[in-house]
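Residues per chain, in single letters:
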Amino acid sequence: MRRGLSSLVALLGTGVLLAAAAAAEITVKPVDVAGLDAEVAARRGRVVVVDCWSTSCPPCVKEFPRLLELQERHGDRIACISISLDYEGIDAPEDVLPPVRTFLEKVGAEGIVNLLCTEEADVAYRKLDLVSVPAVYVWAPDGSLARRFDEDDATKRLGRPFTYVDVAAEVEKLLDP
C-alpha cells in the first residue's frame, strides 16, 4: 500500500495525471461548410450523423444528449459529428467558442467530432439549405445523403417535430438493410 501511494505521489509530481486530465478536454475544430463536407467525406464507409445545433436553441440543447447515446450505442459502425452554428458574424468565430465548449463539456461530448462553423449562421443556413436549427443529416455508408431531419421536413413527412427516436430509426435501417 505504501509503495502504491508513493507511486501516485511520483505520478502527480511528474504531472502525468494532470496531463491526462487535460487530454480529456473537449476538442472543437473550426470549419466552414466545405470543411464540414470534408469531415463527412473522410468518414465514408460508415453511417454518418451530423447534428447542426446552437446553444441558443432549446430543442437543440434538449436533444443533443441523444446524439451522444447514438454514438455510444453503435460505436465504430457510425460517426457522429456536431456542428455549432452559434457564430452570428459579430466579432470573431472564436468568441463563441467558450459557451460552445462549456455546453459540450457539460454533456460529455468527447466521444464525437465537434465542429464550430466559422461562417455566419445565416450564410451557413443558406449553404445547408436550412431555415433554422435543429437539423440532423444522416449519410449512408456509400456517402449518399440518406435522410435530412429539420423543421420543414418533419412537418411535411411526420406531421410533428422530429426527435432522435426518428434519427435512430433511420440509422438502424442503414446499419441493418
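Per-chain numbering applies: the sequence of each chain, read as written, is numbered from 1 onward. Local features in this predicted model are restricted to residues whose pLDDT is 70 or higher, and side-chain atom pairs enter the listing and the counts only when it is 80 or higher, whereas totals over whole chains, interfaces and linings include all residues. Side-chain calculation: all heavy atoms of the structure are included, whereas hydrogens and water are not.

(A) Region of interest: the sheet that holds strand E2 (residues 47-53). DSSP-based pairing: two strands are paired if at least 2 bridges between them are found. A run of H or I in DSSP becomes a helix once it reaches four residues, and a run of E becomes a strand once it reaches two; helices and strands are each numbered from the N terminus. The strand order E1-E4-E3-E2-E5-E6 describes an open sheet built from six strands, whose pairing is mixed. Edge positions in the open sheet fall to strand E1 (29-31) and strand E6 (145-149), since each of these has one partner strand only. Averaged over all pairs of adjacent strands, the angle between strand axes in this sheet comes to 25°, irrespective of strand direction. For E2 and strand E5 (residues 135-139), the ladder comprises five bridges, and the chain directions are antiparallel. Residue Asp51 lies in a different strand from E5, and its bridge partner there is Val136. Where helices are involved, their axes are fitted lines through C-alpha atoms of the stretch in contact, as for all axes, and angles between N-to-C directions lie from 0 to 180°.

(B) How the structure looks around the pairing of strand E3 (residues 78-84). A large share of E3 lies buried, amounting to seven of its seven residues. The classification of residues rests on relative accessible area computed with a 1.4 Å probe and restricted to protein chains. Under 20% of the type maximum is buried, over 50% is exposed, and intermediate values are partly exposed. Every second residue of E3 is oriented toward a common face, with Ile78, Cys80, Ser82 and Ser84 on one face and Ala79, Ile81 and Ile83 on the other, all of them buried. Where E2 lies against E3, seven bridges are found, and the strand directions are parallel. Pairing of Asp51 across the sheet is with Ser82, part of E3. By definition, the crossover connecting two strands over a helix is right-handed if that path, from the first strand to the second, turns clockwise as seen with the strands pointing away from the viewer. For the crossover from E2 across helix H4 (residues 58-74) to E3, the handedness is right-handed. By the bridge criterion, four bridges tie E3 to strand E4 (residues 113-117) in an arrangement that is parallel. When the bridges of E4 are listed, Ser84 appears paired with Leu116.

(C) Representation of the packing of H4 against helix H8 (residues 164-175) within the structure. Packing of H4 against H8 leaves a shortest axis separation of 10 Å and a crossing angle of 25°. Relative to H8, the element H4 lies roughly parallel. At the point where H4 passes H8, the crossing takes the right-handed sense. Counted together, Glu63, Arg66, Leu67, Leu70, Arg73 and His74 of H4 and Tyr164, Val167, Ala168, Val171, Glu172 and Leu175 of H8 form the full contact between these two elements. Working rule for angles: under 35 degrees goes down as roughly parallel, over 145 as roughly antiparallel, 65 to 115 as roughly perpendicular, anything else as oblique. Two helices that cross are described as forming a left-handed crossing if the nearer one is turned anticlockwise from the farther one by less than a right angle, and a right-handed crossing if clockwise. Residue contacts are defined here by distance: any two heavy atoms, one from each residue, within 4.5 Å place the two residues in contact.

(D) The confidence of the model for the protein chain, seen in detail. Here the protein chain averages 89 in pLDDT, while 86% of its residues score no lower than 70. You can read pLDDT as the predictor saying how much it trusts each residue, on a scale of 0 to 100. Confidence drops under a pLDDT of 50 for residues 1-23, and excluding neighbours within four residues, the segment shows four contacts in the predicted structure.

(E) View of the state of the cysteines. Throughout, a disulfide means two cysteine sulfur atoms within 2.5 Å of one another. Applying the stated rule across the entire model yields one disulfide. The side chain of Cys57 participates in a disulfide bridge whose partner is Cys60; the two sulfur atoms lie 2.4 Å from each other. Taking the sign of the S-S torsion, about 80° here, the bridge from Cys57 to Cys60 comes out right-handed. Its relative accessible area of 8% is what places Cys57 among the buried residues. Using a relative accessible area of 3% as the deciding quantity, one classes Cys60 as buried. Not engaged in a disulfide, the cysteine Cys52 finds its nearest cysteine sulfur in Cys117; these two sulfurs lie 8.7 Å apart. Overall, Cys52 belongs to the buried group, its relative accessible area being 0%. Judged by relative accessible area, Cys117 falls into the buried class, the value being 1%.

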